[in-house]
Amino acid sequence: MPSFDPSLRLSPARVADASPRWLRPRWWPALRRGLQGLLWAWLLPLSLLGLWFLAARFEWVAPQVLPPPGDVAAALRELIASGEIWGHTWISLQRVLGGFALGLGAGLALGVAMGLSPLLKDYLYPSFKALAQVPVLGWLPLLMLLVGMDESLKYLLIAKAALVPVALNTLKGLENVPSRHIEVAKVLGYNRWQLLRRVVFPAALAPIWTGLRYGLTHAWLALVVVELLASSEGLGFLIVYGRQLFQLELVLAAVVVVGLFGWALDRLLAGIERRLLGWRKEAF
């Protein structure tokens, strides 16, 4: 009696490969990977939400310390219905976008200057690196004495938070442009402006954009910190206001809004990045 070869047994993968083409649309593998990624991405948040619900339900933590998710949702609905949350959010967005614009412009200018001039980098980079190590809160007392407690303080601190990653990533991107690209451009007779416009800046665009995303993230974090300490309006102030009233459901509702808007801004930049830098995948 002939023996059975186990290698001839059809695995589920082989069955799927052997299925007719009309049963395996081209978009199915990408859709399956997307669904799997979505499932893994939501696994931790849903687990934490379930743990929070159980902790509140069985009072593992006092309700005064950890309010139930239902109370937080009710507080958030009340903020939305009254329109209060939109006013604070609009003020915070104005601050973060204004400060980020200042930091972005200064960071790009500084990064490009150091990236294109080794001599200028030798002069500026050590001092810049040392000042960059000082956190945003470290500059708060000095700037309060110089510009007071008005909006200028918030814009300057947010700009400082955004400037550092933008400048460092711009510098790194310009320094890491492949030398062979520059050599080919010189062989083609490019002048300095053509070399920068057609070779250097396109090759450095990915690191520069990464610095822009990091800069916006740091600016958003700095905004919340500044509003926690020196503001009478905004999302950070709403968190402090809820803590002063011992309304922790209000605090957590404001934290949820901060997280959602921060995530939305990052996703917006990620979408723009895919459109701007999609050609790199095809070229490389």
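Residues numbered from 1 in each chain as written. Predicted model: local features only at pLDDT ≥ 70, side-chain atom pairs only at ≥ 80, totals over all residues. Heavy atoms only, no water.

Student: Help me out: how do you make sense of the overall build of the chain in this one?
Tutor: Scanning the chain from N- to C-terminus turns up 11 helices and zero strands. Sequence-ordered secondary structure for the chain, helices as α and strands as β, is α-α-α-α-α-α-α-α-α-α-α. Within the span of the chain, comprising 284 residues, buried residues form 31% of the whole. Put simply, 71% of the contacts in the chain that link residues at least 6 apart link residues at least 24 apart. Accessible area of the chain: about 18,400 Å², with a carbon and sulfur share of 67%. (Helix = DSSP H or I, 4+ residues; strand = E, 2+ residues; numbered from the N terminus. Buried < 20%, exposed > 50% of the residue type's maximum accessible area, 1.4 Å probe, protein only. Contact = heavy atoms within 4.5 Å. Areas by Shrake-Rupley, 256 points an atom, 1.4 Å probe, with all protein chains shown as cover.)

Student: Is there a simple way to think about the packing of helix α6 (residues 136–147) against helix α9 (residues 192–229) in this case?
Tutor: Two numbers describe a pair of packed helices, the interaxial angle and the distance between the axes. Direction vectors running N to C along α6 and α9 enclose 45 degrees, while the axes themselves pass 11 Å from each other. In terms of orientation, α6 and α9 fall into the oblique class. Every pair of crossing elements has a handedness; the one defined by α6 and α9 is right-handed. When α6 is examined against α9, the residues V136, L137 and L140 are found in contact with a partner set consisting of A222, V225, V226 and L229. Partitioned by chemical class, the residues of the contact of α6 with α9 number seven nonpolar, no polar and no charged. (Axes fitted to C-alpha atoms, helices over the stretch in contact; angles between N-to-C directions. Parallel < 35°, antiparallel > 145°, perpendicular 65-115°, else oblique. Left-handed = near helix turned anticlockwise from the far one by under 90°. Nonpolar A, V, L, I, M, F, W, Y, C, P; charged D, E, K, R; others polar.)

Student: Explanation requested: the nonpolar core in the structure shown.
Tutor: Here is a general trend for soluble globular proteins: nonpolar side chains tend to be buried in one another's company. In this structure, F100 and W220 are the most contacted members of the largest nonpolar core, which totals 31 residues. Listed by contribution, the elements that provide at least two residues to this core are α3 (69–82), α4 (84–116), α7 (151–175), α9, α10 (235–244) and α11 (248–283). The contact partners of W220, leaving out residues within four places of it in the chain, are L93, V96, L235, V258, F261, G262 and L265. (Core = buried A, V, L, I, M, F, W, Y, C linked by side-chain atoms within 4.5 Å.)

Student: Would you mind showing me how to read the environment of S152 here?
Tutor: With respect to the helices and strands, S152 occurs in helix α7. For the pair S152 and G99, spaced 53 residues apart in the sequence, the C-alpha separation amounts to 9.3 Å.

Student: I tried to follow unusual backbone geometry on my own but got confused; where do I start?
Tutor: It is generally the case that most residues other than glycine have a negative phi and that most peptide bonds are trans. Phi is positive for F246, close to 60 degrees, though the residue is something other than glycine. Tracing the backbone through its elements, the reader meets F246 in the loop between α10 and α11. With relative accessibility at 72%, the residue F246 sits in the exposed group.

Student: Could you clarify how one ought to interpret α6 in this entry?
Tutor: Because the α-helix completes a turn every 3.6 residues, residues three or four places apart line up on one side. Counted at 1.5 Å a residue, the expected span for α6 with its 12 residues is 16 Å, and the 15 Å between its end C-alpha atoms agrees. Of the positions making up α6, those classed as buried are V136, L140 and L143. Viewed along the axis of α6, the buried residues span an arc of 95 degrees, placing them on a single side of the element. Contacts from the buried residues of α6 go to α7 and α9. (Expected span 1.5 Å × (residues − 1). Arc of directions from axis to C-beta.)

Student: I would appreciate a short explanation of the packing of α7 against α9 in the present structure.
Tutor: Relative orientation of the contacting elements α7 and α9 amounts to 155 degrees, with a least axis distance of 7 Å. Between α7 and α9, the angle is such that the two are roughly antiparallel. Crossing angle aside, the handedness with which α7 passes α9 is right-handed. For the contact of α7 with α9, the per-class residue count stands at 18 nonpolar, seven polar and one charged.

Student: Can you walk me through a nonpolar patch on the surface in this structure?
Tutor: On the surface, a nonpolar cluster with roughly 920 Å² of combined accessible area is contributed by L44, L48, L51, F53, L54, F58, W60, V61 and V65. Note on F58: relative accessible area 51%, which makes it exposed. (Patch = residues over 30% accessible without salt bridge, like charges linked within 9 Å, V, L, I, M, F, W, Y side chains within 5 Å. Salt bridge = Lys/Arg side-chain N within 4 Å of Asp/Glu carboxyl O.)

Student: Explanation requested: the packing of aromatic side chains in the structure shown.
Tutor: Any two aromatic rings considered together are summarised by their centre-to-centre distance and by the angle between their planes. Tallying each qualifying case throughout the model produces two aromatic pairs. Plain terms: the ring middles of F58 and W60 are 6.0 Å apart, the flat faces sit at 20 degrees to each other, and that makes the pair stacked. Across this residue pair, the class does not change: F58 and W60 are exposed. The ring of Y125 has K121 lying over it, and the distance from NZ or CZ to the ring centre is 5.5 Å. The ring centre of Y190 lies 5.4 Å from the NZ or CZ of R198, which sits over that ring. (Phe/Tyr/Trp six-rings, centres within 6.5 Å; stacked < 30°, edge-to-face > 60°. Lys NZ or Arg CZ within 6 Å of the ring centre and 35° of its normal.)

Student: Can you walk me through the pattern of salt bridges in this structure?
Tutor: Pairing is possible between side chains that carry opposite charge, provided their charged atoms lie close to one another. This model, assessed by the stated rule, comprises eight salt bridges. Here R213 and D266 are joined by a salt bridge, their closest N and O atoms 3.0 Å apart. Note that R213 is positioned in helix α9 and D266 in helix α11, a separation of 53 residues in sequence. With its nearest N and O atoms 3.2 Å apart, the salt bridge here joins R267 to D266. Beyond isolated ion pairs, a larger network of salt bridges with shared partners links R95, E151, K154, E227 and E233.

Student: Any chance you could explain helix α5 (residues 118–132) here in plain terms?
Tutor: Taking 1.5 Å of rise per residue, the 15 residues of α5 would be expected to cover 21 Å, and the 20 Å separating its terminal C-alpha atoms lies within 8% of that figure. The largest bend in α5 amounts to roughly 40 degrees and is located at L124, with the proline P126 lying one to four residues further along. (Bend = angle between axes of the 7 residues up to and from the residue.)

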